[in-house]
Amino acid sequence: MPEKNGQQLPPKTCTIKKLVTNKRDVEKVLAGTKSATRRNGRYADIGEIMVLDDKKFVVDQVYQQTLGELTDEMILREGYATVEEYKQSILSFHPGMPWLPEMTVWVHEFQMAKE
């Protein structure tokens with residue numbers, strides 16, 4: 001089982017291939033304006049490689065947080081200017097989904113892999 005700061009992470013709930021799939025998000029990653037994504041499950045291990053358009057990105061952090069903990073500064077890594085802008089985008093992809101401050105998500109941070 002993978003570790004983060006000595007703590008074991010639970011098994012992945014999905015594959016890294018599905019970590020960033022939305023066309024707009026892929027474009028943001030390739031442009032260097034998105035270096036994190038939040039999911040309701042764990043999609044990657046630390047050190048795992050995500051490939052987008054033949055470019056490699058290494059996952060360097062995986063951790064949980066609640067939606068209520070989000071700040072505008074944190075959300076910049078998602079490619080959005082404000083938490084509200086991010087919230088509206090997420091809700092547009094998931095009609096009917098409530099935005100609950102206590103909802104826990106998995107944060108996956110990544111950077112372009114050094115070749």
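Our subject is the structure that appears above.
Rules of the game
- Residues numbered from 1 in each chain as written.
- Predicted model: local features only at pLDDT ≥ 70, side-chain atom pairs only at ≥ 80, totals over all residues.
- Heavy atoms only, no water.
- Buried < 20%, exposed > 50% of the residue type's maximum accessible area, 1.4 Å probe, protein only.
- Helix = DSSP H or I, 4+ residues; strand = E, 2+ residues; numbered from the N terminus.
- Arc of directions from axis to C-beta.
- Contact = heavy atoms within 4.5 Å.
- Polar contact = N/O pair within 3.5 Å; in protein donor to acceptor, adjacent residues only side chain to side chain.
- Phe/Tyr/Trp six-rings, centres within 6.5 Å; stacked < 30°, edge-to-face > 60°.
- Lys NZ or Arg CZ within 6 Å of the ring centre and 35° of its normal.
- Pairing = 2+ DSSP bridges.
- Axes fitted to C-alpha atoms, helices over the stretch in contact; angles between N-to-C directions.
- 1 Å grid on protein atoms, 1.4 Å probe; cavity = no way out; pocket = protein on both sides within 12 Å on 5 of 7 lines; lining within 4 Å.
- Points joined across faces, edges and corners; volume = space filled by probe spheres on them.
- Nonpolar A, V, L, I, M, F, W, Y, C, P; charged D, E, K, R; others polar.

A. Structural context of helix H1 (residues 23–31). When we look at burial in H1, the residues that qualify are Asp25, Val26, Lys28 and Val29. Angular distribution of buried residues about the axis of H1 spans 160°; they occupy a single face of the element. For H1, the exposed residues set more than 90 degrees away from the buried face come down to Lys23 and Ala31. Residues of H1 that are buried make contact with strand E4 (49–52), strand E5 (55–66) and strand E6 (104–112). A distance of 2.9 Å separates the backbone nitrogen of Arg24 from a side-chain oxygen at the start of H1, and that oxygen is part of Asn22. Directly after H1, the chain includes Gly32, whose backbone phi takes a positive value near 85°.

B. Spatial organisation of the packing of aromatic side chains. Counted by the stated rule, this structure contains three aromatic pairs. Where Tyr80 meets Tyr86, the ring centres are 5.5 Å apart and the plane angle is 65°; that geometry is what we call edge-to-face. Taking relative accessible area as the criterion, Tyr86 reaches 4% and is therefore assigned buried. The interplanar angle of 75° and the centroid separation of 6.0 Å between the aromatic rings of Tyr86 and Trp99 together place this pair among those described as edge-to-face. Pair noted here: Tyr86 is in helix H3 (residues 83–93) and Trp99 is in the loop between H3 and E6, with a separation of 13 residues, a long-range link. Site record: aromatic cluster; members linked through ring pairs are Tyr80, Tyr86 and Trp99. The residue whose ring lies beneath Lys28 is Tyr80, and the NZ or CZ to ring-centre distance is 3.5 Å.

C. Highlighting the sheet that holds E4. The four strands lie next to each other as E3-E6-E5-E4, forming an open sheet whose pairing is antiparallel. Every interior strand has two partners, whereas the edge strands, strand E3 (36–39) and E4, have only one. Strand-to-strand twist of the sheet, defined as the mean angle between neighbouring strand axes without regard to direction, takes the value 35°. As paired strands, E3 and E6 are joined by four bridges and run antiparallel to one another. Across the sheet, Arg38 pairs through a bridge with Val107, a residue of E6.

D. Quick peek at the layout of surface pockets. Considering only enclosed or pocket space, the largest pocket measures out at about 480 Å³ in volume. For the largest pocket, the lining is made up of 23 residues, of which Arg38, Arg39, Tyr86, Ile90 and His94 are closest to its centre. Elements with a minimum of two residues in the lining of the largest pocket: E3 and H3. At four residues, the largest contribution of residues to the lining of the largest pocket is made by H3. Its residues placed into classes, the lining of the largest pocket shows 12 nonpolar, six polar and five charged.

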